Structure formats: structure tokens, C-alpha cells
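Structural overview
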Amino acid sequence: MMEELAKVPWAVIAPLIVVQLILMIVALIDLRKTHATNGPKILWVFIILFTNIIGSIAYFIVGRKQS
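Here is a short report on the structure shown in this document. Here the structure is a predicted model, which is why all the values come from computation and not from measurement.

Let us now look at the overall build of the protein. Along the protein, the regular secondary structure elements total four helices and zero strands. Viewed in the frame of its principal axes, the protein has a C-alpha envelope of about 50 × 15 × 15 Å. Looking at the 67 residues of the protein, the share that counts as buried comes to 19%. Here the analysis covers contacts within the protein between residues at least 6 apart in sequence; of these, 53% occur between residues at least 24 apart. Approximately 5200 Å² of the protein is accessible, and the part contributed by carbon and sulfur atoms is 73%.

Below, the structure is given as C-alpha cells:
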């Protein structure tokens, strides 16, 4: 198993994981501060948390109500 982990290109994967975590945190903070969203807030929490980077992007494109 350690040999398989050594073959993983961590120089590519690590920045993607960091970007995903930052985007997820920013989306959750924005969701908490926003009063109105397109759909229930609890649904957006689950979408952001469980669909990785796609959920955070979907929240910023679809989930935020335009004023």
C-alpha cells in the first residue's frame, strides 16, 4: 500500500485539495450570512459538503438569490 501512495502525484493533488477546502469554507460562510437562497439552506449545506468542489461552485452560480 505504501508503494501505491508513493506513486500518487501529490504535487498536483495537494493544491486541488486545498482549493476545494477553501472554496467549501467560503461557500459555507456565505451561506450562513445570506438570508435568502434558491432552495432550503440545509439542502445547500449538504450539497456543499458532499459534492466536493462541484457543490460549492453550484451554490455560487445557482444557490444565491440575486437581489
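Text resumes after the structure shown.
Attention now goes to the packing of aromatic side chains. Under the defined criterion, the tally for this structure stands at three aromatic pairs. Between the aromatic rings of Phe46 and Phe50, the centroid separation amounts to 6.0 Å while the plane-to-plane angle is 15°, which identifies the pairing as stacked. Remark: Phe50 and Phe46 occur in helix H3 (residues 41–50); sequence separation between them is four residues, near one turn of the helix. Note on Phe46: relative accessible area 43%, which makes it partly exposed. Taken together, the ring pairs in this structure connect Trp44, Tyr59 and Phe60 into an aromatic cluster.

A separate point is the nonpolar core. General note: in soluble globular proteins, nonpolar side chains tend to be found buried as a group. In terms of nonpolar packing, the biggest core is built from six residues, these being Met24, Ala27, Leu31, Trp44, Ile48 and Tyr59. Elements with a contribution of two residues or more to this core: helix H2 (10–33) and H3. In terms of residue count, the dominant contributor to this core is H2 (three residues). Not counting residues up to four positions away in its chain, the partners in contact with Ala27 are Ile48, Ser56, Tyr59 and Phe60.

Conventions used here
Residues numbered from 1 in each chain as written. Predicted model: local features only at pLDDT ≥ 70, side-chain atom pairs only at ≥ 80, totals over all residues. Heavy atoms only, no water. Helix = DSSP H or I, 4+ residues; strand = E, 2+ residues; numbered from the N terminus. Buried < 20%, exposed > 50% of the residue type's maximum accessible area, 1.4 Å probe, protein only. Contact = heavy atoms within 4.5 Å. Areas by Shrake-Rupley, 256 points an atom, 1.4 Å probe, with all protein chains shown as cover. Phe/Tyr/Trp six-rings, centres within 6.5 Å; stacked < 30°, edge-to-face > 60°. Core = buried A, V, L, I, M, F, W, Y, C linked by side-chain atoms within 4.5 Å.

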